[in-house]
Amino acid sequence: MWGIISQKGLGQSLQHLRPSASAGRGFASATKGMMVREALNSALDEEMSADPKVFLMGEEVGEYQGAYKVSKGLLDKYGPERVVDTPITEAGFTGIGVGAAYYGLKPIVEFMTFNFSMQAIDHIINSAAKTNYMSAGQICVPIVFRGPNGVAAGVGAQHSQCYAAWYASCPGLKVLSPYSSEDSRGLLKAAIRDPDPVVFLENELLYGESFPVSDEVLDSSFCLPIGKAKIEREGKDVTITAFSKMVGYALKAAGTLEKEGISAEVINLRSIRPLDRATINSSVRKTNRLVTVEEGFPQHGVGAEICTSVVEDSFGYLDAPVERISGADVPMPYAANLERIAVPQVEDIVRAAKRACYRSVPMAATA
């Protein structure tokens, strides 16, 4: 079943080289709805069709068509050499994927959940992320590690956590975290075409969510730039940064704040590493306030990095202390009532934004 990395397959594959698509394009008006899983599936399908070096491997990606049906139909279309069902051994198949990337192929390694990527972190960090640097640029590692990340529902501490900060702290990796169907389609295409290893953090609670997409997003040439955030909603009173599922929460919070006379600007980070510091700082210099939102643990989190960037580059523009909203500093509880308390909610974002705008009593004053 590992015929995809045979010399014959490699020789045929290397004849079909395609440059990375340019990013950054305008968007037409929305024309239809598309679920996140459909957006990911279409991106995989189009990139596999365009480049014979691209192949997918992981647990249940073939016969079962993906644990979340992201790879639906791909086995029938591309066969078992390009849609490879693996044993339950993350360290094994991730190592095989990295080795295939060394030889010029473009593996997409799916983890059934990024919690299972802990079994393969040595290959992700030491084998994939560092090889280009340690080989003085002689070896590129064009590989994508993708799958569901973040807080799930009712699966306990070992299967419900965000790995954005974990992987974003490692040089040599690019880390992407889509929110909408547009994000998922455009960023996955960019990840597959990129010459460097990319960690692609999806969210299982968003797979079935539908978002409006434009005709341009549906075009096979559509691709989003890595390292560029998107301003989902413009505002003038406070900046709210978020990624993945928390973007939706931030937008709901902005709607609530608007009713109370507070105009919130919501930034969808999209890319965790590289981080779009320019967009974040530009927004803060306009609003003079910042609230960061994430599902992950508070210490050493993505929000902490954003706060540092703003303090370093835009401290003189801040009119209030930065507010950080994150998951609780505990392993995820299993009980539903405790799980909700451990995860950021819309009302938490609203309260933080109001504190930043001096529209409520600061938390320290109530202690």
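Now for a description of the structure that goes with this document. (Residues numbered from 1 in each chain as written. Predicted model: local features only at pLDDT ≥ 70, side-chain atom pairs only at ≥ 80, totals over all residues. Heavy atoms only, no water.)

1. Things to note about helix α8 (residues 181-193)
Then step 1. A rise of 1.5 Å per residue sets the reference length of α8, with its 13 residues, at 18 Å; its end C-alpha atoms lie 18 Å apart and thus fit the reference within 8%.
Then step 2. Burial analysis of α8 places 13 of its 13 residues in the buried class, the great majority of the element.
Then step 3. The N-cap of α8, judged by a side-chain oxygen 3.4 Å from the amide nitrogen of Glu182 a few residues on, is Ser180. (Helix = DSSP H or I, 4+ residues; strand = E, 2+ residues; numbered from the N terminus. Expected span 1.5 Å × (residues − 1). Buried < 20%, exposed > 50% of the residue type's maximum accessible area, 1.4 Å probe, protein only. Polar contact = N/O pair within 3.5 Å; in protein donor to acceptor, adjacent residues only side chain to side chain.)

2. What about the side chain of Glu90?
Then step 1. You can see Glu90 is positioned in helix α4 (residues 90-102).
Then step 2. Ignoring any residue separated from it by four or fewer positions in sequence, one finds Glu90 in contact with Glu59, Phe111, Phe116, Gln119 and Ala120. (Contact = heavy atoms within 4.5 Å.)

3. Re the environment of Ala43
Then step 1. Topologically, Ala43 is positioned in helix α2 (residues 36-50).
Then step 2. When its relative accessible area of 0% is taken as the criterion, Ala43 is described as buried.
Then step 3. It is 6.5 Å that separates the C-alpha atoms of Ala43 and Leu188, two residues lying 145 residues apart in sequence.
Then step 4. Look past the residues within four positions of Ala43 in its chain and what remains in contact with it is Arg185, Leu188 and Lys189.

4. Digging into the nonpolar core
Then step 1. Counting 55 residues, the largest nonpolar core has Val83, Leu188, Phe200, Val238, Ile240, Val291 and Val293 as the members making the most contacts within it.
Then step 2. Element by element, the count of residues in this core is highest for helix α10 (residues 246-259), at 7 residues.
Then step 3. Formed by 42 residues, the second largest nonpolar core is a distinct cluster that contains Phe55, Met57, Ala120 and Leu290. (Core = buried A, V, L, I, M, F, W, Y, C linked by side-chain atoms within 4.5 Å.)

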